Amino acid sequence: AALPAASGALATRGISRGPSVKLISPEADTPISSPIDFKVHFEARGEGKIDPASVKVVYMKSPFVDLTPRLKNSISTNGIDFTKAEVPPGSHTIRVTVKDVDGRETNSVFTLEVNK
């Protein structure tokens, strides 16, 4: 958390056939207190299925911090369900990347505001 924020714009595409990624808990951009329950829901589009091995969770600092190994046991085809995560106070930008078995990829970026 002490690293500087990542610079540059996050490029996203407007139309995607990749899976949908929705932050369930905590609510983005709403001040919260630690510990938090970090829950993200994945939903494949059409007949596709989520590839849980493709999921990457990155803390957008400079340099980027790969959180995937820390969350590995909480990742499934349905999403991420990590309870009681200790998060330091501040603004934390997290990018979640997921692919379906056909290789279609979606990136979603969430900002978590943690109170002191």
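Residues numbered from 1 in each chain as written. Predicted model: local features only at pLDDT ≥ 70, side-chain atom pairs only at ≥ 80, totals over all residues. Heavy atoms only, no water.

Draft legend 1. Looking closely at the pattern of salt bridges. Taken as a whole and judged by the stated rule, the model has five salt bridges. As a salt-bridge pair, Arg104 and Asp100 come within 2.9 Å of each other at their nearest N and O atoms. Linked through salt bridges whose partners overlap, the residues forming this network are Asp100, Asp102 and Arg104. (Salt bridge = Lys/Arg side-chain N within 4 Å of Asp/Glu carboxyl O.)

Draft legend 2. Representation of the layout of surface pockets. Approximately 420 Å³ is the volume attributed to the largest pocket. What lines the largest pocket is a set of 18 residues, among which Leu67, Arg70, Ala85, Glu86 and Val87 lie closest to the centre. Where the lining of the largest pocket is concerned, the elements lending two or more residues are β2 (36–43), β3 (50–59), α1 (68–71), β6 (79–85) and β7 (90–100). Considering each element in turn, the lining of the largest pocket owes the most residues, three residues, to β6. Grouping the amino acids of the lining of the largest pocket by side-chain chemistry returns 14 nonpolar, one polar and three charged. (1 Å grid on protein atoms, 1.4 Å probe; cavity = no way out; pocket = protein on both sides within 12 Å on 5 of 7 lines; lining within 4 Å. Points joined across faces, edges and corners; volume = space filled by probe spheres on them. Helix = DSSP H or I, 4+ residues; strand = E, 2+ residues; numbered from the N terminus. Nonpolar A, V, L, I, M, F, W, Y, C, P; charged D, E, K, R; others polar.)

Draft legend 3. Molecular detail of the sheet that holds β6. The antiparallel open sheet is built from four strands, whose spatial order is β1-β2-β6-β5. Single-partner strands in this sheet number two, and they are β1 (20–25) and β5 (75–76). Both β1 and β2 contribute to a ladder of five bridges, which runs antiparallel. Considered in β2, the bridge of Val21 is made with Phe42. (Pairing = 2+ DSSP bridges.)

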